[in-house]
Amino acid sequence: MEKRRNAFQRHAGALIGAICFCGAAQACELPSGRRLETERVALSYRTEPSKIVVGEHFALELAVCRKQKAEIRNEINLDAHMPEHRHGMNYRPSVSALGSGRFRSEGWLFHMPGRWEFVFELGSERLADSVLVE
Ligand SMILES: [Cu+2]
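To keep things clear, this report deals only with the structure shown in the data block. (Residues numbered from 1 in each chain as written. Predicted model: local features only at pLDDT ≥ 70, side-chain atom pairs only at ≥ 80, totals over all residues. Heavy atoms only, no water.)

1. Points about the pattern of salt bridges
When the charged atoms of two side chains with opposite charge come close together, those side chains can pair. We count it as follows: Put simply, a salt bridge is a Lys or Arg side-chain nitrogen that is within 4 Å of an Asp or Glu carboxyl oxygen. To sort residues, take the accessible area from a 1.4 Å probe on protein chains only and compare it with the maximum for the residue type: under 20% means buried, over 50% means exposed, and anything in between is partly exposed.
In total, this model carries 9 salt bridges according to the counting rule given. Note that Arg 46 and Glu 48 form a salt bridge whose closest N and O atoms lie 3.9 Å from each other. Residue Arg 46 is classed as partly exposed on the basis of its relative accessible area, which comes to 41%. A cluster of three or more residues bridged by salt bridges with shared partners is formed by Arg 46, Glu 48, Glu 61, Arg 104 and Glu 106.

Below you can see the structure in the form of structure tokens.
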């Protein structure tokens with residue numbers, strides 16, 4: 001565990017191990033929010049408050065579901081960065097698993113206006129979503 005934490009230290013992200021994303025692979029019913037998917041997983045997320053304000057903390061509600069039976073390592077890593085500026089956040093959000101593929105992540109803060117990209121890594125699956133913060 002300690003070793004793994006070190007491997008992720010360069011990311012200003014949140015990592016949590018040993019999580020079951022969902023029970024069986026099934027039709028992915030997810031709560032409303034922004035929906036992202038790959039061939040193997042789908043997720044929806046929303047921020048709290050829904051409008052991200054520069055320099056103010058926000059939280060993230062995330063729901064994840066497997067579309068296939070494929071093995072997915074039970075790890076989740078959440079991060080955000082500004083691709084044009086090549087920097088990430090100055091804060092490291094925490095993640096807690098709420099069960100049934102639901103997660104709550106707190107401690108997010110975008111310190112500059114512009115284009116930010118959320119990056120959600122679920123095992124080897126990587127999903128990204130771009131948002132404009134004014
Ligand atoms: Cu920037």
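2. What to know about the coordination of the copper ion
For clarity, the threshold we go by: Distances up to 2.8 Å from the metal define which N, O and S atoms are donors, and 3.2 Å serves for Na, K and Ca; water is absent from the atom set, so sites may look incomplete. The geometry test gives tetrahedral to four donors whose angles all lie between 85 and 135 degrees, gives square planar to four donors and octahedral to six donors whose opposite members are over 155 degrees apart with all other angles between 65 and 115, and gives irregular to the rest.
Every protein donor of the copper ion is accounted for by Met 82 (SD), His 85 (ND1), His 87 (NE2) and Met 112 (SD), and the metal-donor separations fall at 2.0 to 2.5 Å. Around the copper ion sit 4 donor atoms; with metal-centred angles ranging over 92 to 127°, the donor geometry is tetrahedral. Mapping the donors of the copper ion onto the primary sequence yields the spacing M-x2-H-x1-H-x24-M. Taking the relative accessible area as the measure of exposure, Met 82 reaches 1% and is therefore buried.

Note that all results are geometric; they support no functional claim without further evidence.
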